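# Summary of structural features
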Amino acid sequence: MRHIKEECGVFGVFSPTSISMSSLAYFGLSSLQHRGQESCGVVINENDCFKSCKNTGLVNEVLTPQALQDLGNGDICIGHVRYCTTGGNHIQNAQPILINRIAHSLALAHNGNIVNAYELRKKLELEGSIFHSTNDTEVIAHLIIKNQLSSSSLQDALQKSAQSLNGAYSLVLMDHSQLIAMRDPHGFRPLCYGQTSRGEYIIASETSALDAVEANFIRDILPGEIVVFDKQGVHSIQTFCNQKPKTTCSFEYIYFARADSSLDGQSIHLARMRAGEFLAKTYPVEADIVIGVPDSGIDAAIGYARASNIPYGVGFIKNRYIARTFISPTQEERIEKLRLKLNPILPNIKGKKIILIDDSIVRGNTTKRLVKLLRGAGAKEIHMRVSSPPFLNPCFYGTDIDSKEYLIACAHSVSQIEKLLGLDSLGYLTLEGMDYMLQTKGLQGYCSACFTGNYPTPIPNNTKKNQFENKEQK
Ligand code: 5GP
Ligand code: SF4
Ligand code: MG
């Protein structure tokens, strides 16, 4: 079982008139695919009816030409790509979550992780809520539905619900007349919106999805902000803004987000370049070539090369066409998978002293296999530079780095890790380097808990990963 997991991507459209929504959703979600590859789903509102399509698989496996045709037109739409962090990879855990009721229908998609989901679910179950999935998003949905009984509008119910939620949530939700976006008060996960030249409003986890549907970026949604899109226009509710310190996930800049996206005004590509530049200054070494591990190590490698005047070269070719159905979880087969996925380019490796850049070392398995590939291709020396600090703590906000025992840096010193992974030298980005990458001081404005142990929210003692699954699915 893999213990680190990607998180999710959310997408939403509000159109003043009925349009072909399915193609917008397809393009938007495809450009968020890097945020989650386990399941995908779309809900579209047409004439006060919800149409939905969701399943396990990639966007193009779920949103087939037939599915897109069936989904057809509408005026409001939300979509989601998912890699499970809470709840297993089952169809009932695919999002958006759709609740059809006579009084209030609701569809909801979520990126992040609710730290107190277990307590909230226990309370809701005692009050009569019936759950169908094992994920924390359904807890948010039930909370909103319960609060709708005493609220005049969906945004009121959302505001009441937000008071009980602890953790990371970038949400898109819809009923038959509104599209709503909310980013949690800490702003852990990204969320932004834009508008197409035809007048549709687009919400997305990343600006890459706005580009994909040719929407002009308007702005990032503020931490704690609720933005409502309806026939009257766009309304911002800022009751929860500035209540908590902003602590956006620094790992978004290191690994999650796509290099062509920009988050809270910072280009991901440039941030990674700065990380590489800092590594070059901190750990200079004589070498022939700088190579990056596709995809998230490439920008830092280019940054390192520029700052060190050592040429950048393509180290690996990534095969993007391996059918997922052949991916098997056993260790031996995973090694084969890496060989199929990344193949070294011999003339750039053979007889060369190499600087190898990756975004992170979590358990160390990827590096170990890469080193084997590079040695097999005749590399003379391998000096690894990592564009994040050592992983020392679990994440409770949407990244399933769940146990210290799997984190190689917890039990080993840098020189021990060098030996274990077969490297000639190893250098991690320092916290000062993180500041340089993020252009801040003392990591102000960012969560760095997996590196520093400074959690921005209280962590309940009984927070368990896959907490609902332990109970229901084993
Ligand atoms: P390791 O093999 O050391 O356990 O993991 C490090 C590698 O996994 C790096 O190449 C990094 O790009 C990638 N990685 C880091 N975080 C995540 C994550 O949350 N999910 C996935 N799938 N890969 C990750
Ligand atoms: Fe991001 Fe790490 Fe904080 Fe999790 S603990 S939100 S991965 S910075
Ligand atoms: Mg990687």
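This is a predicted model, so every value here is computed, not measured. (Residues numbered from 1 in each chain as written. Chains lettered and ligands numbered in written order. Predicted model: local features only at pLDDT ≥ 70, side-chain atom pairs only at ≥ 80, totals over all residues. Heavy atoms only, no water.)

### A word on the sheet that holds strand β10 (residues 201-204)
Two modes of strand pairing occur in sheets, parallel and antiparallel, and in both the strands are linked by backbone hydrogen bonds. Inclusion rule: In this analysis, strands are considered paired if DSSP registers two or more bridges between them. Put simply, DSSP marks the helices as runs of H or I at least four residues long and the strands as runs of E at least two long, and each gets a number from the N terminus on. The axes used here are C-alpha line fits, helices contributing only the stretch in contact, and every angle between their N-to-C directions lies in the interval 0 to 180 degrees.
Here seven strands make up an open sheet; going across it, the order is β3-β2-β4-β1-β10-β9-β11 and the pairing antiparallel. Pairing within the sheet leaves two strands with one partner each, and these edge strands are β3 (49-56) and β11 (215-220). On average, adjacent strands in this sheet sit at an angle of 15° to one another, irrespective of strand direction. In this structure, strand β9 (residues 192-196) lies alongside β11, joined through five bridges in antiparallel fashion. Its bridge partner being in β11, Y193 is matched across the sheet by R219.

### Here's the deal with the site of ligand 2
The following threshold applies: Throughout, near means a residue has at least one heavy atom within 4 Å of the molecule or strand. Any residue with an atom within 4 Å of a point lines the site, the site being either a cavity, points on a 1 Å grid over the protein atoms alone where a 1.4 Å probe fits but cannot get out, or a pocket, an open set with protein on both sides within 12 Å along at least 5 of 7 lines. Cavity and pocket membership follows a simple rule, namely that a molecule belongs there if more than half of its atoms are within 2 Å of the grid points.
Within the structure, ligand 2 sits among R189, C249, S250, F251, C395, Y397, T399, C447, S448, A449 and C450. With respect to the pocket detection grid, ligand 2 is positioned in the largest cavity. Taken together, the elements giving at least two residues each to the shell around ligand 2 come down to α8 (250-256) and α17 (449-452).

### Considering the UniProt feature "active site" (unreviewed entry) in the chain
Condition: UniProt positions are given in the numbering used here, feature names are shortened, and annotations may be inferred rather than shown by experiment. Residue exposure (1.4 Å probe, protein chains only): buried if accessible area is under 20% of the type maximum, exposed if over 50%, otherwise partly exposed. Whether two residues are in contact is decided by their heavy atoms: any pair within 4.5 Å suffices.
Here, UniProt's "active site" (unreviewed entry) annotation points to C8. Along the polypeptide, C8 turns up in the segment before β1 (9-20). Among the residues examined, C8 registers a relative accessible area of 5% and is labelled buried. Sequence-distant contacts of C8, that is, excluding residues within four places in its chain, are made with R35, H80, V81, R82, Y83, H110, N111 and S205.

### So, the packing of aromatic side chains
Short version of the rule: Stacked, edge-to-face and tilted are the three classes for Phe, Tyr and Trp ring pairs, Trp counted by its six-membered ring, which pair at centre distances within 6.5 Å; planes under 30 degrees apart are stacked, over 60 edge-to-face, the rest tilted.
In the structure shown here, the tally under the stated rule is 14 aromatic pairs. Ring centres 6.3 Å apart and planes at 65° place the aromatic pair F251 and F451 in the edge-to-face group. Residue F251 is located in helix α8, and its partner F451 is located in helix α17; the two are separated by 200 residues in the primary sequence. No difference in accessibility class separates F251 from F451, as the two residues are buried.

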